[in-house]
Amino acid sequence: MTAALPVARRRGVRAAEKGTDRAARPGVLWVLPATLFFMLFAGLPLVLVAVLSFTSWNGLGTPAFNGFDNWTRMASDPSVLQSLRISAVLTVLSWAVQTPLALLLGVWAAGRQRNRAVLSSLFFLPLLMSTAAIAITWLTLLDPNFGLAAKFGPSIGFPDGNIIGSSRGALGCIIVVVSWQFVPFHTLLYQAAARQIPKSLYDAATVDGAGRVRQFRHVTLPQLRNTIVTSSVLMLVGSLTYFETVLILTGGGPGGATNILPQHMYMTAFRDYQMGYASVIALALVALGTTLSMLIVRFSGFAKMRSTLEGI
Amino acid sequence: MGESPLSRRTFLSAAAITGLSAPILSACGTSGPGGAKGGAKTLQAWVLVDQAQNRVQNTAVDDFNKSATGSKVKLLPISSDGAVYADKLRVSMGSPTPPDLLFNWGSGSIRNYVQAGGLMDLSDKLAADTAWKNSFLPSVLDAGKIDGKYYGIPMRGMQPVVLFYNKSLFAEQGQKPPATYDDLLKLVDFFKGKKIQPFALGGLDQWPSLMWLEYLVERSGGPSVFENIAAGKPGAWRDPAVTAALQQIRDLVGRGAFGTNFNSVNYVNDGAGLLFAKGKAAMHLMGTWEVSNQVDRHRSFAQKDLGFAPFPSVAGGKGDPNAVVGNPTNYFSITTKSGDKDAAVAFLKKEMAAPAYVDALIKTGDVPAVTGLESRLAASPQPDFARYVYQLVQKAPSFTLSWDQALMPQFKTPLLSNLQKVFAGKQSPEQFVAAMESVK
């Protein structure tokens, strides 16, 4: 009886939501513009890329069908495997760097003090700059003779400032620049989410004798669960598209050490002009991104969409 | 219950890919020759964005349009980045409405277009008007040939790679620019001992490193080594001259000729140029554009200290020590789909060797590939350098185009990437050769 009550209440709430859904939305018609837009600019190109993946085409004239040549080529291409490995490293590391930073900053910025409002808007600035401008600015900072790399390189294990020119250093640079650029966005997500947490939960925790750290662990973190999933999906799938930063900062170098899969795809398509083969890599990226986000959603229970406010 | 997550995720990934191509594809919209009715058309001439150059080109366009009774020419600066320009050109050339006239680097940059029948063969036009043909330096005009036919008319300055050195620094230390490769090695050891980096090198941008390979292969094996590579002859990369040059590069890196952090130094954002201008590096192997680069960014250094010399000879090498590598020039080519090819030819005939255009080019610091300029080069902002380059090219038995421009596109990325590995000591010359042989 006691257990049945919340379930019944939940059902009631859902039914009510459905009811308002029907009343407020006229259905298919509203979806039409977005669907058309999506089909034209995402669906159609995707299909065309799939078709191209079975052709040999240098961008001029008519694509010639060559069956599964491109696909079998990818299966045995060491450079694709290498790019995949670098992409995986970049994805995992940039997630591991960005998530704690954004989480802590976001929760901190959720406070109502005035200095936080000022500082938060300063933290937000990198997000407003174009990726190309950011990359070029960092390029100047990373100059080993005249930039910051000359000053700080020795203290982080690069005595001659050769950071972006070494394999590990270059990957590190990409992670730092990408994090610098995108942490503000995720901070914003966490800030908004943290402000939604009811104060009553903290009051209750205080009554129970929980300090700030325990409040963070047992109230804030569980309450931010859905935001963490959202932010992680954006980061992981987003990291499969970090491409401008790599192109401008390292061009995939030194010696291919930062040649992530999107960069490899771009070079194959627009430097080597092997559109068919590049399409195969593109489709692999689509598959990878889709699988990755579905896995996260599956294993995080995000698809069940349970509210963190249940029972309050 | 719960929406299927699939659609949105797919959208994200798909958007990533289409988002990528969107800015490139958007270029097609502007590329059509916007024709007026009847015979008169507006011919679109695509060029690289470059303020000084575009101003000169526009004077030529205005001059042509003033007297043109039919079609007029319109200059369209596309991008300042050569790679971006090439991308946009590629997409446009694949569309039904390519530009009428296009700026290009000759050779590998247009070979695909020639093969696809997209560019007009200008051989007959040049043969029919020998005065026009003879107004260009033959070695440069010929460097624009593809399969024995002319597809491009030289339209700006020549850009061989030369050895720049810091005159004051050399005088202070009692040194002379190297005449032979052995001199060069001695200079490397000398400057290293003085705690001065012997050569500035923008290894981060990859292509500056390639100049070393180009010159060393040319000096050891002569122009035929690269001609075979460019022609795709099997085993061409295995030529001993290539391995020898790579070995020399390893040796130079090992001696500290480029310092230790050269792969972090950029060229395009003035990393290497500043190193050189500040006297922290004694020499710099670079294209002639380095002069205008230094004049723009470090004027007093450019005026007082900037010295220039040819690349030294290599003892026992088969190459002529007078041969040069670099970018012979840029060309204008005409597309076969152009709405008014005759007007496009008329434009090139009237303007490209016209005194007004050539003099304007000289004033920007360019050394045009036009004959009989000796006296007129005095108007150059760097008259000594202009005369030096002019006579360097006239004397050169061959002018090898930069490899990354001359090779078919699929070789470019592996070439630069593998060479960067050789410079970083992560690949042996043999591995480099094997890697390049495996590119198809």
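Given the structure is predicted, the values throughout are model-derived calculations rather than measurements. (Residues numbered from 1 in each chain as written. Chains lettered and ligands numbered in written order. Predicted model: local features only at pLDDT ≥ 70, side-chain atom pairs only at ≥ 80, totals over all residues. Heavy atoms only, no water.)

Undergrad: Looking at this structure, I do not really get the nonpolar core. What am I missing?
TA: The nonpolar side chains of a soluble globular protein tend to be buried with one another. Of all hydrophobic cores here, the largest spans 141 residues; its most connected members are Trp212(B), Leu213(B), Trp237(B), Phe258(B), Phe332(B) and Phe432(B). In this structure, this core is formed jointly by two domains, domain 1 (9–156 + 328–371) and domain 2 (159–326 + 402–437) of chain B, each of which donates at least three residues. When neighbours within four sequence positions are excluded, Phe432(B) is seen to be in contact with Leu213(B), Trp237(B), Val242(B), Leu246(B), Leu415(B), Asn418(B), Leu419(B), Val422(B) and Gln427(B). Membership of the second largest hydrophobic core comes to 22 residues, among which are Ala149(A), Ile174(A), Tyr242(A) and Val246(A). (Core = buried A, V, L, I, M, F, W, Y, C linked by side-chain atoms within 4.5 Å. Buried < 20%, exposed > 50% of the residue type's maximum accessible area, 1.4 Å probe, protein only. Domains from an automatic or database assignment. Contact = heavy atoms within 4.5 Å.)

Undergrad: Honestly, helix 18 (residues 383–395) of chain B in this entry has me stumped. Any pointers?
TA: Because each turn of an α-helix spans 3.6 residues, side chains separated by three or four positions end up pointing in the same direction. All names here are of chain B. For helix 18, spanning 13 residues, the distance from its first C-alpha to its last is 18 Å, which sits close to the expected 18 Å at 1.5 Å a residue. Three or more residues of helix 18 are buried, namely Phe385, Ala386, Tyr388, Val389, Tyr390, Leu392 and Val393. Looking at the buried residues of helix 18, the elements they touch are helix 7 (138–143), strand 7 (159–166), helix 14 (289–297), strand 10 (306–309), strand 11 (324–327) and strand 13 (399–401). (Helix = DSSP H or I, 4+ residues; strand = E, 2+ residues; numbered from the N terminus. Expected span 1.5 Å × (residues − 1).)

Undergrad: Explanation requested: the domain arrangement of chain B in the structure shown.
TA: Where interface size is quoted, it is often the accessible area lost as the parts come together. Residues and elements named next belong to chain B. Assigned domains of chain B: these are domain 1 (9–156 + 328–371) and domain 2 (159–326 + 402–437). Computed over C-alpha atoms, the centres of domain 1 and domain 2 are 30 Å apart. Contacts between the two partners involve nine residues from domain 1, matched on the other side by seven residues from domain 2. Overall, the association of domain 1 and domain 2 removes approximately 690 Å² of surface from exposure, summing both partners, and the carbon and sulfur fraction of that is 44%. Looking at the side of domain 1 facing domain 2, the largest losses of area belong to Gly108, Arg111 and Pro328, adding up to 45% of the total buried there. (Buried area = accessible area lost by both parts, 1.4 Å probe.)

Undergrad: Mind showing me how you'd approach the packing of helix 10 (residues 207–221) of chain B against helix 20 (residues 409–423) of chain B here?
TA: The angle between the axes and the distance between the axes are what describe a pair of packed helices. Residues and elements named next belong to chain B. At their nearest, the axes of helix 10 and helix 20 sit 9 Å apart, and the two run at 80° to each other. Between helix 10 and helix 20, the angle falls in the class roughly perpendicular. Within the contact between the two elements, helix 10 uses Trp207, Ser209, Leu210, Trp212 and Leu213 and helix 20 uses Leu415, Leu416, Leu419 and Phe423. The class makeup of the residues in the contact of helix 10 with helix 20 is eight nonpolar, one polar and no charged. (Axes fitted to C-alpha atoms, helices over the stretch in contact; angles between N-to-C directions. Parallel < 35°, antiparallel > 145°, perpendicular 65-115°, else oblique. Nonpolar A, V, L, I, M, F, W, Y, C, P; charged D, E, K, R; others polar.)

Undergrad: It is not clear to me how the environment of Ser107(B) should be interpreted in this structure. Could you clarify?
TA: Residue and element names in this part refer to chain B. For Ser107, the location among the structural elements is in the loop between strand 3 (101–104) and helix 4 (111–115). Judged by its relative accessible area of 11%, Ser107 is buried. Considered as a pair, Ser107 and Met408 are 301 residues apart in the sequence and their alpha carbons are 8.9 Å apart. Each residue touching Ser107, except ones within four places of it in the same chain, is listed here: Ile146, Leu401, Gln405 and Ala406.

Undergrad: Mind showing me how you'd approach the sheet that holds strand 12 (residues 331–334) of chain B here?
TA: Sheets are built from strands that pair by backbone hydrogen bonding, the pairs being arranged parallel or antiparallel. All names here are of chain B. The sheet built from five strands is open, its strands ordered 2-1-3-12-6 with mixed pairing. The open sheet has two edge strands with one neighbour each: strand 2 (72–77) and strand 6 (153–154). Note: strand 6 against strand 12, two bridges, orientation antiparallel. Paired with Ile153 across the strands is Phe332, a residue of strand 12. (Pairing = 2+ DSSP bridges.)

Undergrad: Would you mind going over the pattern of salt bridges with me for this structure?
TA: Pairing is possible between side chains that carry opposite charge, provided their charged atoms lie close to one another. Tallied over the full model, the rule gives 10 salt bridges over all chains. Between Asp203(A) and Lys199(A) there is a salt bridge, and its shortest N-O distance comes to 3.6 Å. Of this pair, Asp203(A) and Lys199(A) both sit in helix 9 (residues 199–207), separated by four residues, roughly a single helical turn. Asp203(A) gets classed as partly exposed once you look at its relative accessible area, which sits at 38%. Under the relative-accessibility criterion, Lys199(A) is labelled exposed at 63%. Here Lys350(B) ties to Asp63(B) by a salt bridge, and the two come within 3.2 Å at their closest N and O atoms. Of this pair, Lys350(B) sits in helix 16 (residues 341–351) while Asp63(B) sits in helix 2 (residues 51–67), placing them 287 residues apart in sequence. (Salt bridge = Lys/Arg side-chain N within 4 Å of Asp/Glu carboxyl O.)

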